[in-house]
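Residue-level listing of the chains:
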Amino acid sequence: MSTITVSAKEPRGGRRALFLITIALGVLLNPLNSSMISVAMAKFEHVFHVHFTTASWLISSYYLASAVAQPIMGKVADLVGRKPLFLIGLALVALSCALAPFAPSFTWLVVFRLIQSFGSGAIYPAGMGIVRNVITDRQAQALAFLSVFSSGAAAFGPSIGGVIMNYLDWQGIFLVNFPFVVASFLLAIFVLPNPRRGDRQKAREVLREIDLPGIALFILAIAASLVFLLSLTEKPVWWAAAAGLLAFVAFGWREHLAPSPFLSLRFFRQYTSLAWVLIQFTTVNIIFYSIFFGMPTYLQEVRGFNSQETGLIMLAVAGFSLITAPITGRWVARSGSRPPLILAALFMTAGSLLMLTLHTASPVWWLCVVLSVLGLSNGFNNVGLQTALFAASPREVISTASGLFQMSRYMGTILSTVVLGLLFGARLTTSALHILAVVLACLGALVLVMSLRLPRQS
């Protein structure tokens, strides 16, 4: 239900391009900041004198906040208007990036990252809502244009972060946001259409639809579980395990009774094919982000590469994932999502097993070969699983399914930090990397099984 409508003529020609660039500069901030930080983890460990397990909270807290913020902010946009929320999100990102370089402690740095996450989490649903309302001609082309920006930001984040850190140290990965934020903010003021306030009673109805108790229990359950899992490398925090379990039980009870649940459990029972797609996407992201966040730390801590060299090596993952994406689009259109997803699972499993060949003297070219195999799988998975999602989702629930799909990405990322915390928390060695390889190969085999069970032409 929307209480804000946009009265604006659809932009044409150069104004259309400027309109999309305005949105794109804001939308890319979330994937950019979620991936750039991967090359800075080793630096944070040294600067703030923390173990990898503790430093990983910079990643897991960001994704936890994003997983919760985006569906909430989608409803908030209906209350305050999409353009105002877009501007508020940009302002929050600017605030966090201005404060983070002066963080007096690691805890404050996590707080500033949370502010950044909520800001970028507000920009995406507000921006996409504006696009869907204003752009009606060649809408798919417009969405593909935005996807290039967001996918490119995620893929090249480690490389950008590595170059920036080489000149501006870790503070640079926050300061680099300002050109994007300022450009998007100034353009948004003049280019984006102004909202029109709707009926106040309808606004109150939308506000009541936000399941605040369910959201609070979800956050508590995930946060407590993370505290417990990440503590296993030293002394287990058993009270966190108990709190997490109780919160999950309370969350399930609340979502069963809530008239408008944050995450309906009945929904998964009704659409089992969709549930399997979400499980597969979560597993794929555990594998991918374990590599995405784990390898940069390994390359710096064990192999001795600097941040810029690490970012360039990680291009092997980014470059091949972007190359395979358009190829996969044509393949899926002809044969369905099942064949590319099977191939992606094989690449993930093979790439994980190839990590067992890495040692402290492995040449750079071989590192790039191993990472390239894993990068190839990512391109096949992104397009293939999005297509499988549409095939498994009836038209009337596609918006809900898309929100859950994005949440699955975040949950997979959060779980990857748990895996890395357990394996890299005490002391990062090549042996720990080999254990990670075995774990990821097993998950890759599980993804292969799930891909084989997909219906043909799905």
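Residues numbered from 1 in each chain as written. Predicted model: local features only at pLDDT ≥ 70, side-chain atom pairs only at ≥ 80, totals over all residues. Heavy atoms only, no water.

Details of the overall build of the protein chain
Along the protein chain, the regular secondary structure elements total 21 helices and two strands. With 458 residues in all, the protein chain has 54% of them scored as buried. Residue pairs at least 24 apart in sequence account for 83% of intrachain contacts in the protein chain once pairs closer than 6 positions are excluded. Element-wise, carbon and sulfur atoms account for 68% of the exposed surface of the protein chain, whose accessible area totals about 19100 Å². (Helix = DSSP H or I, 4+ residues; strand = E, 2+ residues; numbered from the N terminus. Buried < 20%, exposed > 50% of the residue type's maximum accessible area, 1.4 Å probe, protein only. Contact = heavy atoms within 4.5 Å. Areas by Shrake-Rupley, 256 points an atom, 1.4 Å probe, with all protein chains shown as cover.)

Details of the packing of helix H15 (residues 272-301) against helix H21 (residues 430-452)
Each pair of packed helices gets described by two things: the angle between the helix axes and the distance between those axes. Contact geometry for H15 and H21: axes closest at 10 Å, N-to-C directions at 160 degrees. Classed by the angle they form, the pair H15 and H21 counts as roughly antiparallel. Here H15 runs over H21; the crossing is left-handed. Between H15 and H21, the contacting residues are Trp 276, Ile 279, Gln 280, Thr 283, Val 284, Ile 286, Ile 287, Ser 290, Ile 291, Met 295 and Tyr 298 on the first element and Thr 430, Leu 433, Leu 436, Leu 440, Leu 443, Gly 444, Val 447, Met 450 and Ser 451 on the second. (Axes fitted to C-alpha atoms, helices over the stretch in contact; angles between N-to-C directions. Parallel < 35°, antiparallel > 145°, perpendicular 65-115°, else oblique. Left-handed = near helix turned anticlockwise from the far one by under 90°.)

A few points about the side chain of Thr 310
For Thr 310, the location among the structural elements is in helix H16 (residues 307-313). Apart from the residues within four sequence positions on either side, Thr 310 is in contact with Val 39, Pro 296, Leu 299, Gln 300 and Phe 305.

Things to note about the packing of helix H12 (residues 212-231) against helix H13 (residues 238-257)
Their axes nearest at 8 Å, the elements H12 and H13 cross at an angle of 155 degrees. On the basis of their axis angle, the class for H12 and H13 is roughly antiparallel. Seen along the crossing, H12 lies across H13 with a hand that is left-handed. Judged by residue contacts, Pro 213, Gly 214, Leu 217, Phe 218, Leu 220, Ala 221, Ile 222, Ala 224, Ser 225, Val 227 and Phe 228 of H12 engage Trp 238, Ala 240, Ala 241, Ala 243, Gly 244, Ala 247, Phe 248, Ala 250, Phe 251, Arg 254 and Glu 255 from H13. Of the residues that constitute the contact of H12 with H13, the class distribution is 17 nonpolar, three polar and two charged. (Nonpolar A, V, L, I, M, F, W, Y, C, P; charged D, E, K, R; others polar.)

So, a nonpolar patch on the surface
Taken together, the side chains of Val 182, Leu 186, Ile 189 and Phe 190 present a nonpolar region at the surface, about 400 Å² in accessible area. Inspection of the secondary structure puts Val 182 in helix H10 (residues 177-191). (Patch = residues over 30% accessible without salt bridge, like charges linked within 9 Å, V, L, I, M, F, W, Y side chains within 5 Å. Salt bridge = Lys/Arg side-chain N within 4 Å of Asp/Glu carboxyl O.)

A closer look at the confidence of the model for the protein chain
Overall, the predicted model of the protein chain reaches an average pLDDT of 82, with 86% of residues at or above 70. Low pLDDT, under 50, characterises residues 1-7; the predicted model gives this stretch 31 contacts beyond four residues in sequence or across chains. (pLDDT = per-residue confidence, 0-100.)

A look at the nonpolar core
Residues Phe 44, Leu 109, Phe 218, Met 295, Met 355 and Leu 371 are the most contacted members of the largest nonpolar core, which totals 122 residues. Looking at which element gives the most residues to this core, the answer is H15, with 15 residues. For Phe 218, the contacting residues outside a window of four places in its chain are Leu 64, Val 68, Phe 251, Phe 262, Leu 263, Met 407 and Met 411. (Core = buried A, V, L, I, M, F, W, Y, C linked by side-chain atoms within 4.5 Å.)

Structural notes on the environment of Arg 456
Among the structural elements, Arg 456 can be located in the segment after H21. Linking Arg 456 and Ser 335, residues 121 residues apart in sequence, is a C-alpha distance of 8.1 Å.

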